[in-house]
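# Architecture and fold: a report
What follows is each chain in one-letter form.
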Amino acid sequence: MPSSAQDVRATFKRLQILVVGRANAGETTLLQKVCNATRKPEIFDGKENKINADVVKPSVDRGYHDIKMN
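Residues numbered from 1 in each chain as written. Predicted model: local features only at pLDDT ≥ 70, side-chain atom pairs only at ≥ 80, totals over all residues. Heavy atoms only, no water.

## As for the overall build of the chain
A count of helical and extended segments in the chain gives two helices and two strands. Within the chain, the proportion of its 70 residues that are buried is 1%. Carbon and sulfur atoms form 54% of the exposed surface of the chain, whose accessible area is close to 7200 Å². (Helix = DSSP H or I, 4+ residues; strand = E, 2+ residues; numbered from the N terminus. Buried < 20%, exposed > 50% of the residue type's maximum accessible area, 1.4 Å probe, protein only. Areas by Shrake-Rupley, 256 points an atom, 1.4 Å probe, with all protein chains shown as cover.)

Below, the structure written as structure tokens:
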């Protein structure tokens, strides 16, 4: 089992992580800290095609929903 971040990177060429959270909860910041990165993450679809970041950019409608319970 790898014991350091360098060992993990040498052992595993690719790592997939799913982080779910509310808007502006810090999901990207968490990934940047874990991966020791400063640039924005690249986004890929299920077929490993890179997705244009403009398609998934934040919008005013995302993150706020007025859901009424009966």
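## With respect to the environment of threonine 11
Mapped onto the elements, threonine 11 comes out in helix 1 (residues 5-11). Overall, threonine 11 belongs to the partly exposed group, its relative accessible area being 48%. Of the polar contacts made by the side chain of threonine 11, one reaches the backbone oxygen of aspartate 7; its length is 2.7 Å. (Polar contact = N/O pair within 3.5 Å; in protein donor to acceptor, adjacent residues only side chain to side chain.)

## Quick notes on unusual backbone geometry
Positioned with a positive phi, glutamate 48 is a non-glycine residue whose angle comes to about 65°. Looking at where glutamate 48 falls in the secondary structure, it is placed in the loop between strand 1 (43-44) and strand 2 (50-51).

## Quick look at the confidence of the model for the chain
Chain-level statistics for the chain give a pLDDT mean of 75 and a share of 76% at 70 or above. Looking at the elements of the chain, mean pLDDT is at its lowest for helix 1, recorded as 79, and at its highest for strand 2, recorded as 86. (pLDDT = per-residue confidence, 0-100.)

## Some details on the side chain of glutamate 27
Residue position: glutamate 27 is located in helix 2 (residues 27-35). Although glutamate 27 is buried, it forms no salt bridge, and the closest oppositely charged side chain is arginine 22 at an N-O distance of 8.6 Å. Separated by 3.4 Å, the side chain of glutamate 27 and the backbone nitrogen of arginine 22 make a polar contact. (Lys, Arg positive; Asp, Glu negative; His and termini not counted. Salt bridge = Lys/Arg side-chain N within 4 Å of Asp/Glu carboxyl O.)

## With respect to the environment of threonine 29
Positionally, threonine 29 belongs in helix 2. Distance in space between the C-alpha atoms of threonine 29 and lysine 40 is 9.5 Å, their sequence separation being 11 residues.

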